[in-house]
Amino acid sequence: MPSPTPLPVREKYSISDALGGLYTCYSFRYQALSYYRYGRRTECDDKWDHFKFCMSIRTKPDDVADRKIAEREAMLAAEMAKRPSSLDVWELRDKPPANFPPEVADWSPATGASESAI
């Protein structure tokens, strides 16, 4: 009987992919890039958890594995919704700011400089 979990979701729980992600997380390049960008090394706990989960569902029957995958997907979606988003820093405007665009006095389009600077 085929698995009711869609194949793309099921592919996310491949042991070889989880092990590859774990290996990549601990690689020198990945850690150096993280240190350069954020000033600290990356914690790979989530990769370990994913790998352990993939190992735990490997021997389960398809219906049990699909249920556990659905539960994990729901848990991860809930955690992702709690995290701050890059969209949180922006304020939605319905009109431009008061001084937009700013006035530029004595600007010459031919030279690109103000008349007083010439």
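**Description of the confidence of the model for the chain**
So, point 1. In the predicted model, the chain carries a mean pLDDT of 84, and the fraction of residues at 70 or more is 84%.
So, point 2. Of all secondary-structure elements in the chain, the lowest mean pLDDT belongs to helix H1 (residues 7-11), at 72, while helix H4 (residues 45-57) reaches the highest, 95.

**A word on the side chain of Gln31**
So, point 1. Tracing the backbone shows Gln31 in helix H3 (residues 28-38).
So, point 2. Not counting residues within four places of it along the chain, the set of residues in contact with Gln31 comprises Cys25, Tyr26, Arg41, Thr42 and Cys44.

**Some details on a nonpolar patch on the surface**
So, point 1. On the surface, Leu87, Val89 and Trp90 cluster together into a nonpolar patch covering about 430 Å² of accessible area.
So, point 2. Looking at the secondary structure, you find Leu87 in the segment after helix H5 (62-82).
So, point 3. For Leu87, a relative accessible area of 64% puts it in the exposed group.

**Considerations on helix H2 (residues 15-25)**
So, point 1. Among the residues making up H2, those that are buried are Ala18, Leu22 and Cys25. One side of H2 carries all its buried residues, which in axial view fall inside an arc of 65°. Opposite the packed face of H2, turned more than 90 degrees from it, sit the exposed residues Ser16, Asp17 and Tyr23.

**Points about the environment of Thr42**
So, point 1. Position of Thr42 relative to the elements: it lies in the loop between H3 and H4.
So, point 2. Along the primary structure Thr42 and Cys25 are separated by 17 residues, whereas in three dimensions their C-alpha atoms are 7.5 Å apart.
So, point 3. Engagement of the side chain of Thr42 in a polar contact is seen with the side chain of Ser34, the distance being 2.6 Å.

**Describing unusual backbone geometry**
So, point 1. The linkage connecting Phe100 with the following residue, Pro101, adopts the cis geometry, with an omega of -10°.
So, point 2. Looking at the element boundaries, Pro101 is found in the segment after H5.

Parameters at a glance
Residues numbered from 1 in each chain as written. Predicted model: local features only at pLDDT ≥ 70, side-chain atom pairs only at ≥ 80, totals over all residues. Heavy atoms only, no water. pLDDT = per-residue confidence, 0-100. Helix = DSSP H or I, 4+ residues; strand = E, 2+ residues; numbered from the N terminus. Contact = heavy atoms within 4.5 Å. Patch = residues over 30% accessible without salt bridge, like charges linked within 9 Å, V, L, I, M, F, W, Y side chains within 5 Å. Areas by Shrake-Rupley, 256 points an atom, 1.4 Å probe, with all protein chains shown as cover. Salt bridge = Lys/Arg side-chain N within 4 Å of Asp/Glu carboxyl O. Buried < 20%, exposed > 50% of the residue type's maximum accessible area, 1.4 Å probe, protein only. Arc of directions from axis to C-beta. Polar contact = N/O pair within 3.5 Å; in protein donor to acceptor, adjacent residues only side chain to side chain.

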